[in-house]
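The primary structure of each chain is shown beneath.
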Amino acid sequence: MRGLPALLALVVPALVAACGRPPPARLPAGPPVDLRQPADRASPFELVRLRDDPQRCRALLEAAGARIEAVEPVTQGACGHRDALRFAGGRLGSARLAGTVDLPLACPVAAALLLWERDVLQPAARRHLGSPITRIDHFGSYACRGIESSARLSEHARANAIDIAGFHTADGRRITLVEGWSGDRATRAFLRAARDGACRLFATTLSPDADAAHRDHFHLDQADRGAHVRAICR
Ligand SMILES: [Zn+2]
């Protein structure tokens, strides 16, 4: 009988593969998340899981150089957040998050933002725009609302999402999603690199390609859909 489990171990995956089921996109295995390491070492699944251990998540952010502040918990009907944080002064790496509303962030969103700014946005800006990003404009994170045309609550209802509206470069350019997405070649290339890089760090990335509701912003969230569900990238 000793050979049977070994045989099954060989045969079962082959049968599953033969059924045409797509392989799981994200596997829970791998080295533990370290936000000091390059972004391509982390996956959305690993970053989403940081939600289970807020203390560790905050320690990882601080170890990577982020200055963060705790945010008072909020309960608002079915909406609300606890364990949210904000970047002190809106400072995110060498850029600043700027908007007209407060920005409480669930820690997995903050962790992905840190990696996105450092390892996606800045390299893409230097490459395509020839100037680093100094400011990131946002439309907010927490909002007690549902998903359009759905009964479900938005990830915004738990501060588990952020809407990014545009960018400012060190040499004085202002790039908006609403104009830049179909703007000049360099701006288009930068914004697509920003979107594609977000797709490797966030569980959900919606760009102006997704639908009319996102024509003026990137929606980035860390929805928990389990280990074997592909990140949504549109
Ligand atoms: Zn959104």
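Turning our attention to unusual backbone geometry. Even without being a glycine, Asp83 presents a positive backbone phi close to 65°. Topologically, Asp83 is positioned in the loop between β3 (79–81) and β4 (85–87). One non-glycine residue with positive phi stands out, namely Ala159, at about 60°. Mapping Ala159 onto the fold places it in the loop between β7 (133–140) and β8 (161–169). Residue classification places Ala159 among the buried positions, given that 29 C-beta atoms sit within 10 Å.

Right, let's get into the environment of Phe87. Note that Phe87 resides in strand β4. The class of Phe87 is buried, set by 21 C-beta atoms lying within 10 Å. Sequence-wise, Phe87 and Ala66 are 21 residues apart; in three dimensions their C-alpha atoms are separated by 7.2 Å.

On to the confidence of the model for the chain, then. Averaged over every residue, the pLDDT of the chain is 89; the share at 70 or more is 87%. Throughout residues 7–27 the model reports pLDDT below 50, and contacts reaching past four residues in sequence, or to other chains, amount to 10 contacts.

Each value, and the rule that gives it
Residues numbered from 1 in each chain as written. Predicted model: local features only at pLDDT ≥ 70, side-chain atom pairs only at ≥ 80, totals over all residues. Helix = DSSP H or I, 4+ residues; strand = E, 2+ residues; numbered from the N terminus. Buried ≥ 20, exposed ≤ 12 C-beta atoms within 10 Å, placed from the backbone. pLDDT = per-residue confidence, 0-100. Contact = placed C-beta atoms within 7 Å.

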